[in-house]
Amino acid sequence: ALSKSDIERGVMAKSDRLSACYEAAVDRNPELPTGTMVMRYTVETDGKVSQAQVLQNDLGDAELGRCMRGVFLTLDYGPIDEQTVVKYPLELAP
């Protein structure tokens, strides 16, 4: 299974792309509220993410959710011993 630090390391490896999603959302709506987005994703034994979904999106920007989901689908943890489902909260603020 993946440890919390493994999960964090995988997400942080894509932090520039996640930030770009948020910055694009702010460009679309300068009044975008701060809030939480919770992603749920499945990591297969090859370390790749097979599915990802937005469980919670306090910011109300569907395009932001789609962009974040797309980034999460590119995460790669390297081989792991068993399929793992992760819930990952993102606190989004300027």
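Residues numbered from 1 in each chain as written. Predicted model: local features only at pLDDT ≥ 70, side-chain atom pairs only at ≥ 80, totals over all residues. Heavy atoms only, no water.

**Student:** Honestly, the state of the cysteines in this entry has me stumped. Any pointers?
**Tutor:** Two cysteines joined by a covalent bond between their sulfur atoms form a disulfide. This model, assessed by the stated rule, comprises one disulfide. Across a sulfur-sulfur distance of 2.0 Å, Cys-21 and Cys-67 are joined as a disulfide pair. Note on the Cys-21 and Cys-67 pair: the S-S dihedral is about -75°, so by sign convention the disulfide is left-handed. In this pair, Cys-21 sits in helix H2 (residues 15-28) while Cys-67 sits in helix H3 (residues 62-72), placing the two residues 46 residues apart along the sequence. (Disulfide = S-S within 2.5 Å. Helix = DSSP H or I, 4+ residues; strand = E, 2+ residues; numbered from the N terminus.)

**Student:** Explain the pairing of strand E2 (residues 49-57) to me, please; I cannot follow it from the model alone.
**Tutor:** Here is the key point about a regular strand: its side chains alternate between the two faces of the sheet. Inspection of the sheet shows strand E1 (residues 35-43) paired to E2 by seven bridges, in the antiparallel sense. Counted as the bridge partner of Met-39 is Val-54 from E2. Counting the residues between successive antiparallel strands, the hairpin from E1 to E2 contains five residues, one of them, Gly-47, with a positive phi of roughly 90°. (Pairing = 2+ DSSP bridges.)

**Student:** Help me understand the packing of aromatic side chains in this model?
**Tutor:** Aromatic ring pairs are defined here through the distance separating the ring centres and the angle between the ring planes. One pass over the full model with this rule turns up three aromatic pairs. Ring geometry for Tyr-41 and Phe-72: centres 5.1 Å apart, planes at 55°, overall tilted. With Tyr-41 in strand E1 and Phe-72 in helix H3, the pair connects residues that are 31 residues apart, well separated along the chain. The two residues Tyr-41 and Phe-72 agree in class, both being buried. Measuring from ring centre to ring centre gives 6.5 Å for Tyr-41 and Tyr-77, while their planes differ by 10°; the resulting arrangement is stacked. Placement of the pair is Tyr-41 in strand E1 and Tyr-77 in the loop between H3 and strand E3 (84-92), with a sequence separation of 36 residues. You'll find Tyr-41 and Tyr-77 in the same group, each marked buried. A network of ring pairs unites the aromatic residues Tyr-41, Phe-72, Tyr-77 and Tyr-88 as a single cluster. (Phe/Tyr/Trp six-rings, centres within 6.5 Å; stacked < 30°, edge-to-face > 60°. Buried < 20%, exposed > 50% of the residue type's maximum accessible area, 1.4 Å probe, protein only.)

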